[in-house]
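# Architecture at a glance
Here is how the chains run, residue by residue.
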Amino acid sequence: DIPLYLVTEYGGFANRKVIDFFVRYAKVLLERFKGKVKYWIVCNQVNLVPTVQFGSLGLYDEQAENMEELMYQAVHHQFVACAKIIKLARTIDPEMVADGTMYPASCDPKDVVLTMKKNRMQYYFTDVQLRGEYPIFALRYFKEHGIHLQMEADDEELLKENPADFLAISYYY
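Described in the following lines is the structure provided in the data block. (Residues numbered from 1 in each chain as written. Predicted model: local features only at pLDDT ≥ 70, side-chain atom pairs only at ≥ 80, totals over all residues. Heavy atoms only, no water.)

### Considering the environment of Gly55
Take Gly55: it is sitting in helix H3 (residues 53-57). For Gly55, a relative accessible area of 18% translates into the label buried. Taking C-alpha positions, Gly55 is 4.6 Å from Asp1, a pair spaced 54 residues apart along the chain. Here Gly55 is in contact with Asp1 and Ile2, once residues within four sequence places are set aside. (Helix = DSSP H or I, 4+ residues; strand = E, 2+ residues; numbered from the N terminus. Buried < 20%, exposed > 50% of the residue type's maximum accessible area, 1.4 Å probe, protein only. Contact = heavy atoms within 4.5 Å.)

### Some remarks on the side chain of Asn162
Tracing the backbone through its elements, the reader meets Asn162 in the segment after helix H7 (155-161). A polar contact of 3.0 Å, which involves the side chain of Asn162, links it to the backbone oxygen of Leu158. Residue contacts for Asn162: discarding those within four places in its chain leaves Ala83, Ile86, Lys87 and Arg90. (Polar contact = N/O pair within 3.5 Å; in protein donor to acceptor, adjacent residues only side chain to side chain.)

### So, the environment of Lys117
Mapped onto the secondary structure, Lys117 falls in helix H5 (residues 109-131). Residue classification places Lys117 among the exposed residues on the basis of a relative accessible area of 54%. The spacing of Lys117 and Tyr141 is 24 residues in sequence and 9.7 Å in space, taken between C-alpha atoms.

### Comments concerning empty space enclosed by the protein
For the largest cavity, the calculated volume is near 50 Å³. Contributing elements (two or more residues each) for the lining of the largest cavity: helix H4 (67-92) and H5. Per element, the largest residue contribution to the lining of the largest cavity is four residues, and it comes from H4. (1 Å grid on protein atoms, 1.4 Å probe; cavity = no way out; pocket = protein on both sides within 12 Å on 5 of 7 lines; lining within 4 Å. Points joined across faces, edges and corners; volume = space filled by probe spheres on them.)

### Quick notes on the nonpolar core
Within the largest apolar cluster, 42 residues are counted, with the highest numbers of intra-cluster contacts made by Phe79 and Tyr124. Among the secondary structure elements, those contributing two or more residues to this core are helix H1 (4-10), helix H2 (17-32), H4, H5, helix H6 (136-144) and H7. It is H4 that provides the largest number of residues to this core, a total of 15 residues. (Core = buried A, V, L, I, M, F, W, Y, C linked by side-chain atoms within 4.5 Å.)

### Examining the packing of H5 against H6
Close contact between H5 and H6 brings their axes to 9 Å; oriented N to C, the two are set at 120°. The pairing of H5 with H6 is recorded here as oblique in orientation. Crossing of H5 against H6: the hand is left-handed. On the side of H5, the interface is formed by Arg120, Met121, Tyr124 and Asp127, while H6 contributes Phe137, Ala138, Arg140, Tyr141 and Phe142. For the contact of H5 with H6, the class distribution of residues is six nonpolar, no polar and three charged. (Axes fitted to C-alpha atoms, helices over the stretch in contact; angles between N-to-C directions. Parallel < 35°, antiparallel > 145°, perpendicular 65-115°, else oblique. Left-handed = near helix turned anticlockwise from the far one by under 90°. Nonpolar A, V, L, I, M, F, W, Y, C, P; charged D, E, K, R; others polar.)

### Some remarks on the packing of aromatic side chains
As enumerated under the stated definition, the model contains 15 aromatic pairs in all. Geometrically, the ring pair formed by Tyr5 and Tyr10 is edge-to-face, given 6.3 Å between the ring centres and 70° between the ring planes. For Tyr5, a relative accessible area of 52% corresponds to the exposed category. The structure contains a cluster of three or more aromatic residues connected by ring pairs, namely Tyr72, Phe79, Tyr124, Phe125, Tyr134, Tyr141 and Phe142. Positioned above the aromatic ring of Phe33, the side-chain terminus of Arg32 is 5.2 Å from the ring centre. (Phe/Tyr/Trp six-rings, centres within 6.5 Å; stacked < 30°, edge-to-face > 60°. Lys NZ or Arg CZ within 6 Å of the ring centre and 35° of its normal.)

Now the structure itself:
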């Protein structure tokens, strides 16, 4: 969970400044546990943010007029923070996402296509973190839904050069 202070004073991950706070926090942990922890998951279950916006991103109801856009902006900031931390981790200790898959209600093609579209936006989270770039379907979704992400010049390069090393799966069912 994100510290409450970062929510009340900065608006959570919606504010790009939170990236630097998170990276500093991670640096302390990486240095403290160097050689003791081999595998790190920077942001566990990042794709659950549509349902756990407060705990993961520090977003609260009615924080903005377009909450969906704010959520994806905050997730972008979280992706950038993760890439920076992965880059940092590789310099500190060179040895060193959740699934919400949906199933169609029936074999009716409308149900199948709807489910495919919904699943795509679940896969977007791992696509960005493991492939290091935004998939075309996510960019199309943002355009169709009036979602405009603010990116700095080096964000795309940072994501591309610092993808996650592995995908962890928690199987609950």
